[in-house]
Amino acid sequence: MKTQVIDGAALARSIRAGLGARVTALAGKNARPGLAVILVGEDPASQVYVRNKSRACEEAGIASFQHSLPASTSQQQLLTLVGTLNRDPAVHGILVQLPLPKHISADAIIRAIAPEKDVDGFHPENVGLLATGNARFVPCTPAGVMRLLAHAGVELAGKHAVVVGRSNIVGKPVALLLLEKHATVTICHSRTPDLGAVIRQADVVVAAVGKPRMIGAEMVKSGAAVIDVGINRIPDGPNAGKLCGDVDYAGLLGKAGCITPVPGGVGPMTIALLPENTVRAAEFAAPNG
Ligand code: NDP
């Protein structure tokens, strides 16, 4: 079987290109979308993510306001900054990069973000809207998974989709979105016995675990669509330190119907959809928006 490799980087480019007209329309209403990104501490991976997100916004014509705070920042100081940004009319989206230092409750911070500026879609009000099929902001990574499936022409209605991972930011929202598209959805996690037996039944597999190549080719049905959300470092061997996903990509070429690579699959989509959510937030706020 010839496996279709879904090019997330190319799709992300076309999404970015499509935003230009919406940013221009907002400029006609004297509105420029603005995103505030808050980074607490010096975690190197978070610094890279924040840089990439800010750059993606600037390339789309979105104003980017970066707030880099020391790891010693108190929860109250962070809440005060969020409150200021909630009231700032130049800021349409607020993103707090996770994880936060242990002494700060991520839940408390997320709840403090004005729901109409919560472009990550993590506020309980936005989670509820997503769960009831009325999404205001779909979280970027789950939205990216759905766009990749649509782009590849994968039929979801009546198909069995298996999501591996149940985190609030990936697994659970992906499962809800697949359900909305009429798939029959199974969610697996670390307590699922015989993971392979469940995955082998899937027409669509979404892997969001965080374990390098944990899902082997023998666990996947021939012709299945495979979306690999995982981003892991290869622990050893000649490619040690390079990135890989949660599935055995090389082993699935020739067996899966379609598959996303790592890097170059879900990752670029996550970055591209943040500017889109920010433009959406600015459209809501604009006159007659
Ligand atoms: P979490 O660590 O929050 O969740 C991982 C999930 O995997 C948990 O639900 C856990 O189960 C489950 N799990 C762990 N071990 C097993 C196992 N042996 N069998 C079955 N399930 C298992 O991770 P995230 O959801 O935040 O991220 C998942 C991956 O996606 C990571 O590699 C992360 O880097 C990547 N990621 C990529 C993004 C992108 O843009 N491409 C964006 C966000 C994340 P349990 O709940 O029982 O512990």
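In case you missed it, the structure is sitting above this.
Let me begin by describing the structure that accompanies this report. (Residues numbered from 1 in each chain as written. Predicted model: local features only at pLDDT ≥ 70, side-chain atom pairs only at ≥ 80, totals over all residues. Heavy atoms only, no water.)

**Details of the site of the ligand**
Then, number 1: Inspection of the region around the ligand gives 22 residues, with R166, S167, S190, G210 and T270 positioned closest.
Then, number 2: In the environment of the ligand, an oxygen atom lies 2.7 Å from a nitrogen or oxygen atom belonging to the side chain of T270.
Then, number 3: The biggest single contributor to the shell around the ligand is helix α10 (residues 266-285), with 3 residues.
Then, number 4: Residues belonging to the shell around the ligand are distributed by class as follows: 10 nonpolar, 10 polar and 2 charged. (Near = heavy atom within 4 Å. Polar contact = N/O pair within 3.5 Å; in protein donor to acceptor, adjacent residues only side chain to side chain. Helix = DSSP H or I, 4+ residues; strand = E, 2+ residues; numbered from the N terminus. Nonpolar A, V, L, I, M, F, W, Y, C, P; charged D, E, K, R; others polar.)

**A few points about helix α7 (residues 171-180)**
Then, number 1: All buried positions along α7 are accounted for by G171, P173, V174, A175, L177 and L178.
Then, number 2: At its buried positions, α7 is contacted by α5 (124-131), α6 (140-151), β5 (160-164), β6 (184-188) and β7 (204-207).
Then, number 3: One or two steps after α7, the chain reaches H182, where phi turns positive at roughly 75°. (Buried < 20%, exposed > 50% of the residue type's maximum accessible area, 1.4 Å probe, protein only. Contact = heavy atoms within 4.5 Å.)

**Quick word on the pattern of salt bridges**
Opposite charge on two side chains permits pairing when their charged atoms draw close.
Then, number 1: By the definition in use, this model includes 4 salt bridges.
Then, number 2: Salt-bridge contacts for E125 lead to R136; the nearest nitrogen and oxygen are separated by 3.0 Å. Of this pair, E125 sits in helix α5 while R136 sits in the loop between α5 and α6, placing them 11 residues apart in sequence.
Then, number 3: Residues E276 and R147 are paired through a salt bridge, measuring 2.4 Å at the closest nitrogen-oxygen approach. Placement of E276 in helix α10 and of R147 in helix α6 is noted, with a sequence separation of 129 residues between them.
Then, number 4: Taking relative accessible area as the criterion, E276 reaches 15% and is therefore assigned buried. (Salt bridge = Lys/Arg side-chain N within 4 Å of Asp/Glu carboxyl O.)

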